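Breakdown of the fold
Letter by letter, the chains look like this.
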Amino acid sequence: MSAEALLSVEGLTVGFNTEEGPVRVVEDVSFSVVAGETLGLVGESGCGKSVTAQTIMRLLPSPPARIDGGRIRFEGEDLVVLPEPRMRKVRGDRIGMVFQEPMTSLNPTQRIGRQIAEVLALHRGMNYTQAKESVIDALRKVGIGNAERRLDQYPHELSGGLRQRVMIAMAIVCRPKLLIADEPTTALDVTIQAQIMELLKALQRELGLAILLITHDLGMVAEMCRSLAVMYAGRIVETGPAATVFARPRHPYTAGLLSSSPRQARRGERLPSIPGLVPPPGKRSTGCSFADRCGRVTDRCRRELPPLASFGAGAAACWNPVP
Ligand SMILES: Nc1ncnc2c1ncn2[C@@H]1O[C@H](COP(=O)(O)OP(=O)(O)OP(=O)(O)O)[C@@H](O)[C@H]1O
Ligand code: SF4
Ligand SMILES: [Mg+2]
């Protein structure tokens, strides 16, 4: 792990207690996010991206969720073992988070100015009058004009794009070093998606924000991310500088994801589909989880789990990497 990593996830393993017994959904996941840079985390639905993000924020109720191993180093602390009262100071203050669906994360009965001010009340002990200037400043930073007037509006009075801007304002109002954005534009139409991405880039420049960007959109990764981690069936299967991985993917799964747009993934395109299905948690073999869908599979793949091995600036977990 590089010395300048702001967030470094090491061997993270997360499971759930279910009616059929415990299942692992995230296994031995490692990646790091460098201060001021963006790491893209991609992979098909159900591969464990959101569970990983929510585990970093310690948002999953336990039980049923369990962290079975690993470390989450952030600014000198291990978030896995941080006591909950101290974790509350990290969440929303030192790490901001934006989700896919702003309507479910905003309180429909409270004016947006109050909601943003609550973050400052919690972390800075400010009352509404004290917080108001910072709230207006945060609204301006996220490109919401007429900020004074917007303060008194309710979430349902805003468009989807504006609601997502309000969520971003809440996430940055305490000036975090890290923003976790879990499919921040998926619920929005393409023009608005582009605007939100421009906003995230501008905030990154202005605030020196590091971003963990979870997305299905490879075009967004190409445009936003310096590095990339590809997740499949709960594990990281390839990681490296985004430009390197795009130019020469080594894992067959990554190659499959990139295959429909070999030259350049275009913005707004979802991950292309690869024939077959991701094996669900609890139904994964001891070998490579991609074996049933892989054109390069050999006997060894089904028997032995391929470890992440270095390839130049990146790494891939495959016995027969793409040449
Ligand atoms: N509370 C839970 N109990 C049991 N399994 C769960 C629970 N929450 C999530 N899972 C399982 O964990 C796996 C990973 O889910 P996760 O939401 O992290 O996927 P994802 O990569 O974010 O997918 P998407 O791209 O669709 O958002 C899924 O198989 C899901 O069914
Ligand atoms: S380890 Fe084998 S099955 Fe898995 S991706 Fe590599 S070649 Fe395919
Ligand atoms: Mg998700």
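Residues numbered from 1 in each chain as written. Chains lettered and ligands numbered in written order. Predicted model: local features only at pLDDT ≥ 70, side-chain atom pairs only at ≥ 80, totals over all residues.

**Section: the site of ligand 1**
Inspection of the region around ligand 1 gives 14 residues, with Phe16, Ser45, Lys49, Ser50 and Val51 positioned closest. Broken down by secondary-structure element, the contributors of at least two residues to the shell around ligand 1 are strand 1 (5-18) and helix 1 (49-56). At three residues, the largest contribution of residues to the shell around ligand 1 is made by helix 1. Residue composition of the shell around ligand 1, grouped by class: seven nonpolar, six polar and one charged. (Near = placed C-beta within 6 Å. Helix = DSSP H or I, 4+ residues; strand = E, 2+ residues; numbered from the N terminus. Nonpolar A, V, L, I, M, F, W, Y, C, P; charged D, E, K, R; others polar.)

**Examining the packing of helix 4 (residues 112-124) against helix 7 (residues 160-172)**
Direction vectors running N to C along helix 4 and helix 7 enclose 25 degrees, while the axes themselves pass 8 Å from each other. One element, helix 4, and the other, helix 7, form an angle in the roughly parallel class. Crossing hand, helix 4 versus helix 7: right-handed. The segment helix 4 lies against helix 7, with Ile112, Gln115, Ile116 and Val119 engaging Val166, Ala169 and Met170. Its residues placed into classes, the contact of helix 4 with helix 7 shows six nonpolar, one polar and no charged. (Axes fitted to C-alpha atoms, helices over the stretch in contact; angles between N-to-C directions. Parallel < 35°, antiparallel > 145°, perpendicular 65-115°, else oblique. Left-handed = near helix turned anticlockwise from the far one by under 90°. Contact = placed C-beta atoms within 7 Å.)

**Quick look at the sheet that holds strand 5 (residues 77-78)**
Taking strand neighbours across the sheet as the criterion, the four strands line up as 2-1-4-5 in an open arrangement whose pairing is antiparallel. Since the sheet does not close on itself, it has two edges, and those belong to strand 2 (21-34) and strand 5, each with one partner. Across two bridges, the pairing between strand 4 (residues 65-74) and strand 5 is antiparallel. Among the inter-strand pairings, phenylalanine 74 is bridged to a residue of strand 5, identified as glutamate 77. (Pairing = 2+ DSSP bridges.)

**Things to note about the site of ligand 2**
Inspection of the region around ligand 2 gives 13 residues, with Cys288, Cys294, Arg296, Cys301 and Cys318 positioned closest. Considering only residue class, the shell around ligand 2 consists of ten nonpolar, two polar and one charged.

**Examining the sheet that holds strand 7 (residues 178-182)**
Across the sheet, eight strands lie side by side as 6-7-8-3-9-10-12-11; this open sheet has mixed pairing. The open sheet has two free edges, formed respectively by strand 6 (95-98) and strand 11 (308-311), since each of these has just one partner strand. When strand polarity is set aside, the average angle formed by the axes of neighbouring strands in this sheet is 20 degrees. Sheet topology note: the strand 10 (residues 235-241)/strand 12 (residues 314-317) ladder contains two bridges and is antiparallel. When the sheet's bridge partners are listed, threonine 239 is paired in strand 12 with alanine 315.

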